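Here is what each chain is made of, one letter per residue.
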Amino acid sequence: TSTCNALLAVFVRGNRHSEGHLLLSDKLLGLCKPDLNTYHMLLMAYCRAGEADKAVGLLEEMNAAGVEPVLESPHLLLDGLCSAGQAVEARKHLEELERRQQQQHVGGDTYIVLIRGMCRTGKLDEAKQFLRESSHRQLNVAMYTMVVDGLCKAGRLEEAFDLLEAMANREGCEPNVVTYNTLMAALCRAGRLDEALALLKEIVDKGCCPDVVTYTSIIDGLCRLKRIDEAHRFFEEMVSRQQVPDAVAYTALINGLSKAGRVGEVHRLFRYMLLDGCIPDAVTCSTLVNAFCKSGNIEAAVDMFEKMEERGCKPNVVVYTALIHGFCKLKKVDVALGLLQHMSRNGCAPNLVTHNIVVDGLCKCGRVQDAYDYFSRLLETGNCRPDTYTFNAIMEGLCKAGELDEARRLFEDMTRFCARN
RNA sequence: CUGUUUGAUGGAAUC
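About the criteria used
Residues numbered from 1 in each chain as written. Chains lettered and ligands numbered in written order. Predicted model: local features only at pLDDT ≥ 70, side-chain atom pairs only at ≥ 80, totals over all residues. Heavy atoms only, no water. Helix = DSSP H or I, 4+ residues; strand = E, 2+ residues; numbered from the N terminus. Buried < 20%, exposed > 50% of the residue type's maximum accessible area, 1.4 Å probe, protein only. Contact = heavy atoms within 4.5 Å. Lys, Arg positive; Asp, Glu negative; His and termini not counted. Charge placed at Lys NZ, Arg CZ, Asp CG, Glu CD. Patch = residues over 30% accessible without salt bridge, like charges linked within 9 Å, V, L, I, M, F, W, Y side chains within 5 Å. Areas by Shrake-Rupley, 256 points an atom, 1.4 Å probe, with all protein chains shown as cover. Salt bridge = Lys/Arg side-chain N within 4 Å of Asp/Glu carboxyl O. Near = heavy atom within 4 Å. Polar contact = N/O pair within 3.5 Å; in protein donor to acceptor, adjacent residues only side chain to side chain. Core = buried A, V, L, I, M, F, W, Y, C linked by side-chain atoms within 4.5 Å. Axes fitted to C-alpha atoms, helices over the stretch in contact; angles between N-to-C directions. Parallel < 35°, antiparallel > 145°, perpendicular 65-115°, else oblique. Left-handed = near helix turned anticlockwise from the far one by under 90°. Expected span 1.5 Å × (residues − 1). pLDDT = per-residue confidence, 0-100. Phe/Tyr/Trp six-rings, centres within 6.5 Å; stacked < 30°, edge-to-face > 60°. Disulfide = S-S within 2.5 Å.

Okay, the overall build of chain A next. In terms of helices and strands, chain A carries 24 helices and zero strands. With the principal axes as the frame, chain A shows a C-alpha extent of 65 × 60 × 45 Å. Sorting the 421 residues of chain A into buried and exposed places 47% on the buried side. Contacts in chain A between residues far apart in sequence, at least 24 positions, make up 58% of those at least 6 positions apart. Taking the average place of the 49 positive charges on the side chains of chain A and the average place of its 56 negative ones, the gap between the two points comes to 4 Å.

Let's shift gears to a positive patch on the surface. There is a patch of like positive charges on the surface, built from Lys226, Lys259, Lys294, Lys329 and Lys331. If you trace the backbone, lysine 329 turns up in helix H19 (residues 317-329). Overall, the relative accessible area of 59% leaves lysine 329 in the exposed class.

Bringing the protein's contact with RNA strand B into the picture now. Neighbouring residues of RNA strand B: 57 residues in total, closest Glu72, Leu76, Thr216, Arg224 and Ser286. Among atoms of RNA strand B positioned within 4 Å of the protein, sugar and phosphate together represent 48%. Interatomic distance of 3.2 Å between a side-chain N/O atom of asparagine 37 and a base nitrogen of RNA strand B. With respect to RNA strand B, the side chain of lysine 259 contributes an N or O atom lying 2.8 Å from a phosphate oxygen.

Another point: the nonpolar core. In this structure, Ile218, Ile219, Val289, Leu323, Ile324 and Ile394 are the most contacted members of the largest nonpolar core, which totals 129 residues. Beyond its immediate chain neighbours, meaning those up to four positions away, isoleucine 394 contacts Val359, Cys363, Ala371, Tyr372, Phe375 and Leu410.

Running from amino to carboxyl end, helix H5 (residues 72-83) crosses helix H6 (residues 87-99) at an angle of 155 degrees, the nearest separation of the two axes being 7 Å. One element, H5, and the other, H6, form an angle in the roughly antiparallel class. Two packed elements cross with a definite hand, and for H5 against H6 that hand is left-handed. Only Ala87, Glu89, Ala90, His93, Leu94 and Leu97 of H6 make contact with H5, whose side of the interface consists of Pro74, Leu77, Leu78, Leu81 and Cys82.

For an α-helix, the turn length of 3.6 residues means that residues three or four places apart are oriented alike. Over its 13 residues, helix H7 (residues 108-120) runs 18 Å from end to end, which matches the ideal 18 Å to within 8%, given 1.5 Å per residue. Among the residues of H7, Thr110, Tyr111, Val113, Leu114, Ile115, Gly117, Met118 and Cys119 are the ones counted as buried. The inward-facing, buried residues of H7 contact H5, H6, helix H8 (124-132) and helix H9 (141-153). Of the residues trailing H7, glycine 122 is marked for its positive phi of about 75 degrees.

Scanning the entire structure with this criterion turns up 27 salt bridges. A salt bridge links arginine 100 to glutamate 60, with the nearest nitrogen and oxygen atoms 3.2 Å apart. Of the two residues, arginine 100 sits in the loop between H6 and H7 while glutamate 60 sits in helix H4 (residues 52-64), which places them 40 residues apart along the sequence. On the basis of relative accessibility, which here comes to 39%, the residue glutamate 60 falls in the partly exposed class. The salt bridge partner of arginine 241 is glutamate 237, with a shortest N-O separation of 3.6 Å. Residue classification places glutamate 237 among the partly exposed positions, given a relative accessible area of 28%. Beyond isolated ion pairs, a larger network of salt bridges with shared partners links Arg91, Glu95, Glu98, Glu133 and Arg137.

Attention shifts here to the packing of helix H3 (residues 36-48) against H5. With their axes 8 Å apart at the nearest point, H3 and H5 run at an angle of 15 degrees to one another. In terms of orientation, H3 lies roughly parallel with respect to H5. When the axes of H3 and H5 are compared, the crossing they make is right-handed. Between H3, through Leu36, His40, Leu43, Met44 and Cys47, and H5, the contact on the second element is made entirely by Glu72, Ser73, Leu76, Leu77, Gly80 and Leu81.

On to the confidence of the model for chain A. Per-residue pLDDT for chain A averages 89, and the proportion of residues at 70 or more is 93%. Among the prediction metrics, the complex's ipTM stands at 0.79, with pTM recorded as 0.91.

The way to describe two aromatic rings as a pair is by their centre distance and the angle between their planes. If you walk through the whole model with that rule in mind, you get six aromatic pairs. Consider the rings of phenylalanine 375 and phenylalanine 391, whose centres lie 5.7 Å apart with planes at 70 degrees: the pair is edge-to-face. Residue phenylalanine 375 is located in helix H22 (residues 368-381), and its partner phenylalanine 391 is located in helix H23 (residues 388-400); the two are separated by 16 residues in the primary sequence. There is no split in this pair, since phenylalanine 375 and phenylalanine 391 are both buried. By the ring-pair criterion, three or more aromatic residues cluster together here, those being Tyr372, Phe375 and Phe391.

What follows is about the environment of lysine 128. Of note, lysine 128 is situated in helix H8. A sequence separation of 16 residues divides lysine 128 from tyrosine 144, and the C-alpha atoms of the two residues are 8.8 Å apart. Not counting residues up to four positions away in its chain, the partners in contact with lysine 128 are Val147, Leu151, Arg156 and Glu159.

Here the focus is the state of the cysteines. Tallied over the full model, the rule gives zero disulfides. With no disulfide partner, cysteine 188 has as its closest neighbouring cysteine sulfur the one in cysteine 223, 11 Å distant. For cysteine 188, a relative accessible area of 7% translates into the label buried. Looking at cysteine 365, it has no disulfide partner, and the nearest cysteine sulfur is the one in cysteine 328, 7.0 Å off.

Below you can see the structure in the form of structure tokens.
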């Protein structure tokens, strides 16, 4: 059975949408005694292939085969259906379970899975409707807050605030600090700082206690508007309210200082962070590497990069990319290319951002042909789909090098490429 | 030897 499961995993992963593989999987089932894992993998495979009926049927089959589904089984099914864009099917299935009173298979977690799946796939109207039509169900704040967040991230702030009102009127679902944090973060992202601050004041007056997440959103928002001094004041307010700043809070302020060109304060705050006993994580390190690169202090950036490991942070694609960018800006493309190899050797795969920076770096160093080759290889291997940044970089390079025919050809390819997307 | 759901909110790279 375990061999069978291993094989099945390979098939399922190898080709997610292939009927043939699913058929093969069915055959495999005949050859061994399927267990819970076998069924779970098949369940997901059918969901991914868009075969909702078969997936649902599989749950029945499990019972017949004497494999008792666990709570996780319908969760996988609901999540899988949502991922396949079948949120409506998912809800129907949930209601079918409720109708059959399979209480062991329906609980608060089940609702969470469904709502989460809907929000993740942008089915926000369905999620709202589900909340609205669930007066007979036992819902909680977290479920509502998830939808509030979904609406916020989709830019539907008005509706998010409407939902906030609905929460206030529903027993057991009264908004809490997480709900307010969600809304304040959204206002901050939209640059509506003054409304965020007004909301902060309102909830404090109400007796709700802002936490480190609240302050981090506000600090980040203020920094993005270059209101650094206010950001600093809120950092202090957070501390005076006994909220302990974590790596995220420090990083937000460090990033703000860096973006405002106040590198001296970046150094100072980072030292303070360490003295404070706060452990920097990979994001903090990449923020600092980037800050030093941007301020032209590549030595400090490299130093920070090299100290990452001993700080217990594994360099990730973002740090490598920031550093590669730093060297490209200094026209040291060869060092950048060396880092590119170094990262791959260390099991860190470059992503589209990395590739864009390399292409741009090669172009700006007058190595347009190399950039073009690199770009072509990207297209060939198909590992990464170029985006507008990629095209802009290579176009600019070709034009500046006077290779207008080549640029024109690329431009036509590009229009075709975009039409396909 | 394989896979997965994992209850909500904040920070980093191509500007």
